[in-house]
Amino acid sequence: MELSYGDHESPIECLWIKVRGIVTEGHLMSDICYQPPSQDDEADVTLLKLLKKVSGQLNRLLVGDFNYMDTWWESNTAMHELPISFLECIEDCFLLHYKKRCQGRMRKHVGDLCLQAGMLQDSLVHYHMAVELLRSVNDFLWLGAALEGLCSASVIYHYPGGTGGKVGSRRAQGGSLSAEAGNRHRPGAQEVLIDPGALTSNGINADTSAEIGRAKNCLSPEDIIDKYKEAISYYGKYKNAGVIELEACVKAVRVLAIQKRSMEASEFLQNAVYINLRQLSEEEKIQRYSILSELYERIGFHRKSAFFKRIAAMQCAAPSIPEPGWRACYKLLLETLPGYSLSLDPKDFSKGTHRGWAAVQMRLLHELVYASRRMGNPALCVRHLSFLLQTMLDFLSDQEKKDVTQSLESYTAKCPGTMEFITLPDGLKLPPVPFTKLPIVR
């Protein structure tokens, strides 16, 4: 809890109390004011300025003794000019603010329902109105959600084939919705403007058919990305909104992948990497890194994709897991090989040129050997160590050559090498490794 006092030269007394950790959306700010009964015009002006200053801020509690006589608080009326000005200020700064926030959130809810029901144009109208209302009252968390909903509806319009595949079908400019989707819209949907004054007390027009169909409700492909950025910036204001911030980043990257804007997509992914997600289970961590790997692969960043898939593989065998999944770890490590320009076929290394970073490739092969050992498969250990010696001999130091040959000797004592193909459970076949390079160990 933090305490602070208002301006000592002010004709009214104020105490500001900040209470931490009360609500998930931020701190609770309590303003306690006292205005003496014999106040002058300067005190009234100061009080009204103070009220306008603190209005529009979430999680704020205003209490005090304002000493306005002849004021009926139940009916919100007064007899004299000063209390009338005070009541009008309260109406404009707080009651109207709360009303708009409720209307904006209701609009967002209705937009979600319309989108789930397939009423695409209806949802666009409701999301637009929600954005306008929530932006006016600085309700940032819900504003971000409304913007994300607006982006989702626009993505459905422009890319009816979805964003999950590698290639997305783009709707032709000016194209219309399908007949089935068109039938879901209410009759009489025409191009008309939205009239905010026609709203009822709950923020919904009694006849929403008069609002539907305005073409500019749908965002352009470029505006979709801008609105995603704006939504993510609002989510970033809240410590506990990390999950939905990450989801918004993933959605934006999928759209950018269809638009073939790889560099912008990588910026979203870089932001997603640094989002702080608290108390994730090990399974959720593996899923997070796997999704990052998949998205980097889609935008053509193969080495970064391999990097995050390798992290996911290591997470499968984290010390905090009671029963490490070494088979899943081994499978994910195999999937990283193309990203590091590494093949397990010795014939690919017989052309005399080496591709990729040898140091990283050797580290990956050692990890495959270790995972094979923990799986209880010495034959795989022998095959990977033989491959390491054959293909990476020129990059090994003398000490590394000695260590690898000693490990190979230890494993072959348990399972002699063979020239047969080794078939893995997923169908992958590891070819035999003919030794044409022999290490000299002194």
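Before reading on, note that the structure itself is shown above.
Quick notes on the rules
Residues numbered from 1 in each chain as written. Predicted model: local features only at pLDDT ≥ 70, side-chain atom pairs only at ≥ 80, totals over all residues. Heavy atoms only, no water. Helix = DSSP H or I, 4+ residues; strand = E, 2+ residues; numbered from the N terminus. Buried < 20%, exposed > 50% of the residue type's maximum accessible area, 1.4 Å probe, protein only. Contact = heavy atoms within 4.5 Å. Areas by Shrake-Rupley, 256 points an atom, 1.4 Å probe, with all protein chains shown as cover. Salt bridge = Lys/Arg side-chain N within 4 Å of Asp/Glu carboxyl O. 1 Å grid on protein atoms, 1.4 Å probe; cavity = no way out; pocket = protein on both sides within 12 Å on 5 of 7 lines; lining within 4 Å. Points joined across faces, edges and corners; volume = space filled by probe spheres on them. Nonpolar A, V, L, I, M, F, W, Y, C, P; charged D, E, K, R; others polar. Phe/Tyr/Trp six-rings, centres within 6.5 Å; stacked < 30°, edge-to-face > 60°. Expected span 1.5 Å × (residues − 1). Polar contact = N/O pair within 3.5 Å; in protein donor to acceptor, adjacent residues only side chain to side chain. Core = buried A, V, L, I, M, F, W, Y, C linked by side-chain atoms within 4.5 Å. Axes fitted to C-alpha atoms, helices over the stretch in contact; angles between N-to-C directions. Parallel < 35°, antiparallel > 145°, perpendicular 65-115°, else oblique. Left-handed = near helix turned anticlockwise from the far one by under 90°.

Engineer: What is the right way to read the overall build of the chain from this model?
Structural biologist: Within the chain, the secondary structure is distributed over 14 helices and eight strands. Buried positions account for 45% of the 442 residues belonging to the chain. Look at the contacts in the chain between residues 6 or more apart in sequence, and 61% of them connect residues 24 or more apart. About 24,400 Å² of surface is accessible on the chain, with carbon and sulfur atoms providing 54% of the total.

Engineer: For this particular structure, what's the right way to read the pattern of salt bridges?
Structural biologist: Oppositely charged side chains can pair when the atoms bearing their charge come close. Enumeration according to the criterion identifies twelve salt bridges in this entry. A salt bridge links Asp-112 to Lys-108, with the shortest nitrogen-to-oxygen separation between them at 2.6 Å. One end of the pair, Asp-112, and the other, Lys-108, are both in helix 2 (residues 81–116), four residues apart, so they sit about a helical turn from each other. In this pair, the class of Asp-112 matches that of Lys-108, namely buried. In this structure, the salt-bridge partner of Arg-310 is Glu-367, at a minimum N-O distance of 2.8 Å. Residue Arg-310 is located in helix 10 (residues 302–316), and its partner Glu-367 is located in helix 12 (residues 358–374); the two are separated by 57 residues in the primary sequence. Of the two residues examined, Arg-310 and Glu-367, each falls in the buried class. Via salt bridges that share partners, Arg-135, Lys-227 and Glu-230 belong to a single interconnected network.

Engineer: Would you mind showing me how to read empty space enclosed by the protein here?
Structural biologist: One water molecule sets the probe size; rolling that probe over the atoms shows where empty space is left. Using the criterion set out here, one finds one cavity of 30 Å³ or more in the structure. Every residue along the wall of the largest cavity is listed here: Leu-344, Arg-383, His-384, Phe-387, Leu-430, Pro-431 and Val-433. When grouped by side-chain class, the residues that make up the lining of the largest cavity number five nonpolar, one polar and one charged.

Engineer: Please explain the environment of Val-253 as it appears in this structure.
Structural biologist: Counting through the fold element by element, Val-253 comes out in helix 7 (residues 242–259). Overall, Val-253 belongs to the buried group, its relative accessible area being 1%. Taking the C-alpha atoms as reference points, Val-253 and Glu-264, separated by eleven residues in sequence, lie 8.2 Å from one another. Residues within four places of Val-253 in sequence aside, it is in contact with Ala-265, Phe-268, Leu-269, Leu-295 and Ile-299.

Engineer: Looking at this structure, I do not really get the packing of aromatic side chains. What am I missing?
Structural biologist: Any pair of aromatic rings gets described here by the distance separating the centres and the angle formed by the planes. Within the structure shown, the criterion is met by five aromatic pairs. Each ring, one from Phe-140 and one from Tyr-234, has its centre 5.3 Å from the other, and the planes form 25°; the classification is stacked. Here Phe-140 is found in helix 4 (residues 140–158), whereas its partner Tyr-234 is found in helix 6 (residues 221–235), with 94 residues between them in sequence. Taking relative accessible area as the criterion, Tyr-234 reaches 12% and is therefore assigned buried. Arranged with centres 5.5 Å apart and planes meeting at 5°, the rings of Tyr-296 and Phe-308 form a pair that is stacked. Residue Tyr-296 is located in helix 9 (residues 282–298), and its partner Phe-308 is located in helix 10; the two are separated by twelve residues in the primary sequence.

Engineer: Honestly, helix 4 in this entry has me stumped. Any pointers?
Structural biologist: At 3.6 residues per turn, the α-helix brings residues three or four places apart onto the same side. For helix 4, built from 19 residues, the straight-helix expectation of 27 Å at 1.5 Å per residue is met to within 8% by its first-to-last C-alpha distance of 27 Å. Within helix 4, 16 of the 19 residues are buried, which leaves it mostly tucked inside the rest of the structure.

Engineer: Could you clarify how one ought to interpret helix 10 in this entry?
Structural biologist: Compared with the 21 Å implied by 1.5 Å per residue over 15 residues, the 21 Å span of helix 10 between its first and last C-alpha is a close match. Along helix 10, the positions that sit buried rather than exposed are Ser-305, Ala-306, Phe-308, Lys-309, Arg-310, Ala-312, Ala-313, Gln-315 and Cys-316. Close packing links the buried residues of helix 10 with helix 8 (262–273), helix 9, helix 11 (326–335) and helix 12.

Engineer: Is there a simple way to think about the side chain of Glu-148 in this case?
Structural biologist: Within the secondary structure, Glu-148 sits in helix 4. With relative accessibility at 7%, the residue Glu-148 sits in the buried group. A polar contact of 2.6 Å, which involves the side chain of Glu-148, links it to the side chain of Tyr-235. Other than its neighbours up to four places away in sequence, Glu-148 contacts Tyr-228, Ala-231, Tyr-235, Ala-248 and Lys-251.

Engineer: Explanation requested: the nonpolar core in the structure shown.
Structural biologist: Soluble, globular proteins show a tendency: their nonpolar side chains are buried together. Counting residues in each nonpolar core, the largest one holds 49 residues, and the members touching the most others are Ile-224, Val-253, Val-255, Phe-268, Leu-269 and Ile-299. Among the secondary structure elements, those contributing two or more residues to this core are helix 3 (120–136), helix 4, helix 6, helix 7, helix 8 and helix 9. Counting residues in each nonpolar core, the second largest holds 41 residues, with Ile-286, Ala-313, Cys-316 and Leu-396 among its members.

Engineer: Explain unusual backbone geometry to me, please; I cannot follow it from the model alone.
Structural biologist: With glycine set apart, most residues show a phi of negative sign, and most peptide bonds adopt trans. At Asn-138, a residue that is not glycine, the phi angle is positive and equals roughly 60°. Classification of Asn-138 as partly exposed rests on a relative accessible area of 33%. With phi around 60°, Lys-260 is a residue other than glycine that occupies positive phi space. Among the residues examined, Lys-260 registers a relative accessible area of 74% and is labelled exposed.

Engineer: Mind showing me how you'd approach the packing of helix 6 against helix 7 here?
Structural biologist: If you want to describe how two helices pack, look at the angle between their axes and the distance between the axes. Taken N-terminus to C-terminus, the directions of helix 6 and helix 7 make an angle of 165°; their axes are 9 Å apart at the nearest point. Judged on the interaxial angle alone, helix 7 and helix 6 are roughly antiparallel. For the pair helix 6 and helix 7, the sense of crossing is left-handed. Two secondary-structure elements touch here, helix 6 through Pro-221, Ile-224, Ile-225, Tyr-228, Ile-232 and Tyr-235 and helix 7 through Ile-244, Glu-245, Ala-248, Cys-249, Lys-251, Ala-252, Val-255, Leu-256 and Gln-259.

Engineer: Would you take a moment to explain the packing of helix 13 (residues 378–392) against helix 14 (residues 398–414) for this structure?
Structural biologist: Two numbers describe how helix 13 lies on helix 14: the axes approach to 9 Å, and their chain directions differ by 155°. The orientation of helix 13 with respect to helix 14, classified from their angle, is roughly antiparallel. Crossing handedness for the pair helix 13 and helix 14: left-handed. Within the contact between the two elements, helix 13 uses Cys-381, Val-382, Leu-385, Ser-386, Leu-388 and Leu-389 and helix 14 uses Val-404, Thr-405, Ser-407, Leu-408, Tyr-411 and Thr-412.

Engineer: Sorry if this is basic, but what is going on with the environment of Ala-313 here?
Structural biologist: Looking at where Ala-313 falls in the secondary structure, it is placed in helix 10. A relative accessible area of 0% places Ala-313 in the buried class. As a C-alpha pair, Ala-313 and Lys-331 span 18 residues in sequence and 8.0 Å in three-dimensional space. The contact partners of Ala-313, leaving out residues within four places of it in the chain, are Cys-329, Leu-332 and Leu-333.

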